[in-house]
Amino acid sequence: MAVYRSFQDYNTGLFVGFQNFMMVLSDVTFVQSFGNVFLMGAVCVALMMSLSFLFAHLILKLPPKFGGIVKIFIYIPCIISGVVTAIIYTFLMNYGGGLFTSILLSLGLDPIAFTKEGIWPYVCIILPTIWGGLGYNTLIMLAGLLDIPKTYYEAAQLDGARKIDLVLHITVPCMRNYFVLILVNLVTGYMQMLDIPYLITGGGPDNKTNTPALFLFSSFRDSSRTPNITIAGALLIMVLIVVVNGVVFLVLRSRKSEAD
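This one's a predicted model, so the numbers in the text were calculated from it and none came from an experiment.

Asks: Is there a simple way to explain a nonpolar patch on the surface in this structure?
Replies: Taken together, Phe 66, Ile 69, Ile 72, Phe 73, Tyr 75, Ile 76, Ile 79 and Tyr 136 make up a surface patch of nonpolar side chains, about 830 Å² in accessible area. Per element, the largest residue contribution to the nonpolar patch is five residues, and it comes from helix H4 (residues 64-75). Given the relative accessible area of 59%, Phe 73 is considered exposed.

Structure (structure tokens):
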């Protein structure tokens, strides 16, 4: 039905072809929002993949009981909704009296308008996004590491392999399927980023943190725009997500584990 209505005029129901798609694509703010989400998404993906991989290694090296406690604490942010996460970080970064502002003032420094100055608006989005998803992705990485037979490492060490060789030639190849899973989940999630930028920055300043989903949310609430234009924009986001994930699967082809 969404596809059907995206080719119609909302008021008359007449077929208008690609007019709704052209109208939403002609909006500079909508096009800019894709650049914003690609930028923030790329940074989030790089940080999430690397940090979760490192944290998984750290937990693997910890004593079992202590490691279990760490897993519980690192997963807690994952059960907090994005709305609550955004509210928490809004209080932390509030210019008028947030925790970070209080710390800066106590050190004799000028407060920072985190949601408006320089690169800080991007940090305001990236930091809570990483915080909220790190535990989940760390546990997936940990599951992948536990799935690698220890005999692989023992045999390599007997042959004189260095630690970096173990990581590059055993850990990374054996973790390929887990990398693909996490990468697809991250790309799909970040392309639909909405609640955190909406509540923390509102898409500002100057639409620098505006995302496609946030644009469509605002567009749907705009009485001057017909809902069919919003539907067309939503379908464009869906197509883009499919294309990006298709590229991910093509570049990082999932391989069946050769482990017994």
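Now that the structure has been shown, the text picks up again.
Asks: What is the right way to read the side chain of Thr 201 from this model?
Replies: Among the structural elements, Thr 201 can be located in the loop between helix H11 (195-200) and helix H12 (212-221). Within the local environment of Thr 201, its side chain forms a polar contact with the side chain of Thr 209, the two groups lying 2.6 Å apart. Sequence-distant contacts of Thr 201, defined by excluding residues within four places in its chain, comprise Thr 115, Pro 121, Cys 124, Ile 125, Ile 196 and Thr 209.

Asks: Teacher, can you tell me more about the environment of Pro 64 here?
Replies: Within the element layout of this structure, Pro 64 appears in helix H4. Using a relative accessible area of 75% as the deciding quantity, one classes Pro 64 as exposed. Considered as a pair, Pro 64 and Val 244 are 180 residues apart in the sequence and their alpha carbons are 38 Å apart.

Asks: Teacher, can you tell me more about the packing of aromatic side chains here?
Replies: How two aromatic rings sit relative to each other is given by the distance of their centres and the angle of their planes. This structure, assessed with the given rule, holds eleven aromatic pairs. Measuring from centroid to centroid gives 4.9 Å for Phe 30 and Phe 34, while their planes differ by 85°, and the two rings are edge-to-face. Pair noted here: Phe 30 and Phe 34 are both in helix H3 (residues 28-61), with a separation of four residues, about one helical turn. Grouping residues by exposure puts Phe 30 and Phe 34 together as buried. Look at Phe 100 and Phe 114: their rings are 5.9 Å apart centre to centre, the planes differ by 70°, and that puts the pair in the edge-to-face class. Here Phe 100 is found in helix H6 (residues 99-106), whereas its partner Phe 114 is found in the loop between H6 and helix H7 (120-146), with 14 residues between them in sequence.

Asks: Teacher, can you tell me more about the side chain of Thr 171 here?
Replies: Within the element layout of this structure, Thr 171 appears in helix H9 (residues 163-174). Thr 171 gets classed as buried once you look at its relative accessible area, which sits at 2%. Excluding its chain neighbours within four sequence positions, the residues that come into contact with Thr 171 are Phe 53, His 57, Leu 145, Ile 148, Tyr 153 and Leu 166.

Asks: Got a minute to help me understand the nonpolar core in this structure?
Replies: Note that soluble globular proteins tend to have their nonpolar side chains buried in a common cluster. Ranked by size, the top nonpolar core spans 53 residues in total, and within it Met 49, Met 141, Met 175, Leu 186, Tyr 190 and Ile 200 carry the most contacts. Ranked by the residues each element gives to this core, the list is headed by H3, at eleven residues. With residues near it in sequence (within four places) discarded, Met 49 still touches Met 141, Phe 179, Ile 182, Leu 183 and Leu 186.

Asks: Which parts of the structure should I look at to understand the layout of surface pockets?
Replies: Over the atoms, a rolled probe matching the size of one water molecule traces out where space is still vacant. If you add up the space inside the largest pocket, you get close to 500 Å³. What lines the largest pocket is a set of 15 residues, and nearest its centre among them are His 57, Leu 60, Lys 61, Tyr 153 and Thr 171. Mapped onto the lining of the largest pocket, the elements with two or more residues apiece are H3, H7, helix H8 (150-158) and H9. For the lining of the largest pocket, the class distribution of residues is nine nonpolar, three polar and three charged. Taken as a whole, the second largest pocket spans an internal volume of roughly 400 Å³. Around the second largest pocket sit 21 residues that line it, and Thr 129, Gly 132, Gly 133, Tyr 190 and Ile 196 are the ones nearest its centre. Listing elements by their share of the lining of the second largest pocket, those giving two or more residues are helix H5 (82-93), H7, helix H10 (176-190) and H11. Of all the elements, H7 adds the most residues to the lining of the second largest pocket, at six residues.

What counts, and at which threshold
- Residues numbered from 1 in each chain as written.
- Predicted model: local features only at pLDDT ≥ 70, side-chain atom pairs only at ≥ 80, totals over all residues.
- Heavy atoms only, no water.
- Patch = residues over 30% accessible without salt bridge, like charges linked within 9 Å, V, L, I, M, F, W, Y side chains within 5 Å.
- Areas by Shrake-Rupley, 256 points an atom, 1.4 Å probe, with all protein chains shown as cover.
- Salt bridge = Lys/Arg side-chain N within 4 Å of Asp/Glu carboxyl O.
- Helix = DSSP H or I, 4+ residues; strand = E, 2+ residues; numbered from the N terminus.
- Buried < 20%, exposed > 50% of the residue type's maximum accessible area, 1.4 Å probe, protein only.
- Polar contact = N/O pair within 3.5 Å; in protein donor to acceptor, adjacent residues only side chain to side chain.
- Contact = heavy atoms within 4.5 Å.
- Phe/Tyr/Trp six-rings, centres within 6.5 Å; stacked < 30°, edge-to-face > 60°.
- Core = buried A, V, L, I, M, F, W, Y, C linked by side-chain atoms within 4.5 Å.
- 1 Å grid on protein atoms, 1.4 Å probe; cavity = no way out; pocket = protein on both sides within 12 Å on 5 of 7 lines; lining within 4 Å.
- Points joined across faces, edges and corners; volume = space filled by probe spheres on them.
- Nonpolar A, V, L, I, M, F, W, Y, C, P; charged D, E, K, R; others polar.

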